[in-house]
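Okay, here's what each chain looks like letter by letter:
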Amino acid sequence: MPSEKKISSASDCISFMQAGCELKKVRPNSRIYNRFFTLDTDLQALRWEPSKKDLEKAKLDISAIKEIRLGKNTETFRNNGLADQICEDCAFSILHGENYESLDLVANSADVANIWVSGLRYLVSRSKQPLDFMEGNQNTPRFMWLKTVFEAADIDGNGIMLEDTSVELIKQLNPTLKESKIRLKFKEIQKSKEKLTTRVTEEEFCEAFCELCTRPEVYFLLVQISKNKEYLDANDLMLFLEAEQGVAHITEDMCLDIIRRYELSEEGRQKGFLAIDGFTQYLLSPECDIFDPEQKKVAQDMTQPLSHYYINASHNTYLIEDQFRGPADINGYVRALKMGCRSIELDVSDGSDNEPILCNRNNVTTHLSFRSVIEVINKFAFVASEYPLILCLGNHCSLPQQKIMVQQMKKVFGDKLYVEAPLPSETYLPSPEKLKRMIIVKGKKLPSDPDVLEGEVTDEDEEAEMSRRLSVDYNGEQKQILLCKELSDLVSICKSVQYRDFELSMKSQNYWEMCSFSETEASRIANEYPEDFVNYNKRFLSRVYPSAMRIDSSNLNPQDFWNCGCQIVAMNFQTPGPMMDLHTGWFLQNGGCGYVLRPSIMRDEVSYFSANTKGIVPGVSPLALHIKIISGQNFPKPKGACAKGDVIDPYVCIEIHGIPADCSEQRTKTVQQNSDNPIFDETFEFQVNLPELAMIRFVVLDDDYIGDEFIGQYTIPFECLQPGYRHVPLRSFVGDIMEHVTLFVHIAITNRSGGGKAQKRSLSVRMGKKVREYTMLRNIGLKTIDDIFKIAVHPLREAIDMRENMQNAIVSIKELCGLPPIASLKQCLLTLSSRLITSDNTPTVSLVMKDNFPYLEPLGAIPDVQKKMLAAYDLMIQESRFLIEMADTVQEKIVQCQKSGMEFHEELHNLGAKEGLKGRKLNKATESFAWNITVLKGQGDLLKNAKNEAVENMKQIQLACLSCGLSKAPSSGAEAKSKRSLEAIEEKESGEENGKL
């Protein structure tokens, strides 16, 4: 912090401003000057020096200040050639005078900027009230509560207590604090007062608590959302939850309930306000977790074919150490099944006394009986998930012991074993919903001949097979083993077959047959035939297992194979690290049930997607992910660090994992020697082209390490992110949640190039001044089909224009309001209304509903600044209205072209052959056809979502205008009319939907 004393109140901010500091003054001509700024002792003016003006002119009266903006949110900053070199979190602007002129400043840290912004906002909001807060600091709700806590512990009532008692009391209020730190703080306070005693007064107790337990970043946030009070009331909290946290349908009663549950003082609970300590507790609670609570239960469609899901899979499940020396351990199965694993491996060999066993053939000293393993599997199979469990059977048993395996499985699993023969009339596997609580055996199968009681099949031993292939004596022949009919009959919809090539598989492979690929083979196929691999995985299950060269049981990168649509990517659960973090994080979604639905672009029968996509995915609107790393809490020393004290120098890495175009990494600055509450205050932006396949990994590292730098990490799917201010619960290297160890972040997700998702976290942002890009359709080379797709070119341009025009209009109004692109429309309207209401609380404009759209009309003459804002507001309404009224017509044209194109899908190869297309040219035509269909479907969906978003925006704008006092007359008649207008928008929308249905 900029001073020894932590900022924990408005008076702290004022004191700092009166002492003054150097700020950079930014001019419209792109010049930047260093000036020393101070606040007058009488709190009436801001001054700076040196200046060419005389001293009386180099000042700004507090009474002239209209607004204080944090960030680069004025014309001066936006048009400054050096703007890119200025940190967003260090910039702030003071708007003053009737024409809203701006004084644009840059602090040397985000902390200093926050102090000036908080202090100035406090002064402006209190300008009409007597400024008694300097003396009244002891009468704030927080101090009154601390006094009652102290008095309750002060048994003698002398206003003084032993230091030991005070330390224990503060530890009860904040368990994360170290005792040594509390004692040191008391010594500092007493030394400043030249006291030498082991007793603590009430005043010293309150001072120590505020110094130790106030997180400055939370204090600045509280002041910002409370409109410069030292606490939040129910209305403040409601606005925070709606506008910032993306919570829908919030009520005043819900906010009062939150206050009652988290406010620490009895007075606050009764009067309905939340002070800094209660607000901190609330932000740290599960209610403000970064993970979307909707995804903590099964939230996806579970009725799709099994091949349409990623499946949580384990490799060498019986191991808890490396595969070279590790012993077989029953706990491997318990751990995997408790973590939601839905595909486990059983490597079975002959044992003594006619008892099949599982063992690591590199370490035969320890083994498990097959029966004990399946009994444990039966016990834990459906504890974490009700959805089907796949047993990947590695059979190395003799025929007699195979029959014993069958007997034991039938006895232990009973009706749970899925043995129904697949129907040849079907084309896809059954769904996870249909297969609930079923156990599926994956393995080799004999030909369907009732007279065959046993036969030879290829060996399932993948590692041994790889070793044979790598040996100099390998001649291409596979080892054969005998299989009995009884074991063969247990295999139903997961029959193991050998992969040859995609052309052969697409022609002759049955949907109930599946291939296993070694990591090396799968990587080669993914690089050479990425589109074919995706298409193959739409119908068939693929299993990828780690290379035999990984004798240390290290893990492959599962993302590489998920990008190709591979469903079962087997992981060594016993080996922690970044790859296992990705796997664990990915399967947290959908209730941790072990099944995650793949993106539609990887499921639709006719669609184009390549795992090696380096740019925008056809038919998918890219999103921008804005992450602000604010602070960290209670970071431990790296576990493996040696010969190092307790002090660490932490920094944060943000990794984006997904398709190649989305993979990215950025890091914060290092905070020196602070593990308790390091402040980072840095904002990052990432473009995400395929959100449904993206993951974010937060990693905290020590920059001054010896032996080990890892502090903690957390990995989360993009689709599970919650917007707003969130705490990230960090996990240890082995994946355990670390108590009280968190990152405090702000998350916002915005549209990047038009388009929209009708979700709580969908906002609008302009991409920059550049030529508009249109998604192009490809030429197929078959005139009949190309003519159909040509019809779609104009509707596609119309759809993109309508979406982008609306988004740009929204961004323009945000810029005029001085808000960043990540701000919500509700925040925008609140800022707008503050400009359109006079000092005596009289609105200068009125809400007028025209054809059920919320227009604002001036009530008399208004200044040019307000005219400019109203013009921008009108443009936003007009563009939104145009999209709402035209979207269905344009979408219908796009859908019609898609339907007409799909009529040629079955005949595409025959038509191509007639036109002389063959080989690569025919494949290219097929690929272009799939690309066009994907574009049409995607753009149609984006337009539909944009319309839904626009309709929701109109409702929110009308409600915001009413709550801000911009309606012409507050009579019950006017309110009823406005309510009818809202209902009309809803009825119009639902009527159109029903008409389409």
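Residues numbered from 1 in each chain as written. Predicted model: local features only at pLDDT ≥ 70, side-chain atom pairs only at ≥ 80, totals over all residues. Heavy atoms only, no water.

An unreviewed UniProt entry annotates the protein chain as Phosphoinositide phospholipase C originating from Canis lupus familiaris. UniProt's Catalytic activity (unreviewed entry) comment on the protein chain is quoted here verbatim: "a 1,2-diacyl-sn-glycero-3-phospho-(1D-myo-inositol-4,5-bisphosphate) + H2O = 1D-myo-inositol 1,4,5-trisphosphate + a 1,2-diacyl-sn-glycerol + H(+)". What UniProt records for the protein chain under Subcellular location (unreviewed entry) is the sentence "Cytoplasm". (UniProt positions renumbered as here; feature names shortened; annotations may be inferred.)

What to know about the overall build of the protein chain
Per the secondary structure count, the protein chain includes 29 helices and 34 strands. Buried positions account for 56% of the 997 residues belonging to the protein chain. Residue pairs at least 24 apart in sequence account for 70% of intrachain contacts in the protein chain once pairs closer than 6 positions are excluded. For the protein chain, the accessible surface area stands at approximately 43,500 Å², while carbon and sulfur atoms represent 50% of it. (Helix = DSSP H or I, 4+ residues; strand = E, 2+ residues; numbered from the N terminus. Buried < 20%, exposed > 50% of the residue type's maximum accessible area, 1.4 Å probe, protein only. Contact = heavy atoms within 4.5 Å. Areas by Shrake-Rupley, 256 points an atom, 1.4 Å probe, with all protein chains shown as cover.)

A short note on the pattern of salt bridges
Oppositely charged side chains can form a pair if their charged atoms are brought close together. As enumerated under the stated definition, the model contains 49 salt bridges in all. For K229, the salt bridge identified is with D236, shortest N-O distance 2.7 Å. Classification of K229 as buried rests on a relative accessible area of 17%. A network of salt bridges, in which partner residues are shared, links E163, D164, E179 and R183. (Salt bridge = Lys/Arg side-chain N within 4 Å of Asp/Glu carboxyl O.)

Looking at the confidence of the model for the protein chain
Overall, the predicted model of the protein chain reaches an average pLDDT of 86, with 89% of residues at or above 70. The least confident element of the protein chain, judged by mean pLDDT, is helix α29 (residues 972-996) at 49; the most confident is strand β24 (residues 595-597) at 97. Of the regions scoring below 50 in pLDDT, residues 753-769 engages in 65 contacts with residues more than four places distant in sequence or in other chains. Note on residues 969-976: pLDDT under 50 across the span, and 2 contacts to partners over four residues away in sequence or across chains. (pLDDT = per-residue confidence, 0-100.)

Re the pairing of strand β28 (residues 679-688)
Most of β28 sits out of view: 7 of its 10 residues are buried. With 8 bridges joining them, strand β25 (residues 623-633) and β28 adopt antiparallel strand pairing. Within β28, the residue paired with I627 across the bridge is F684. (Pairing = 2+ DSSP bridges.)

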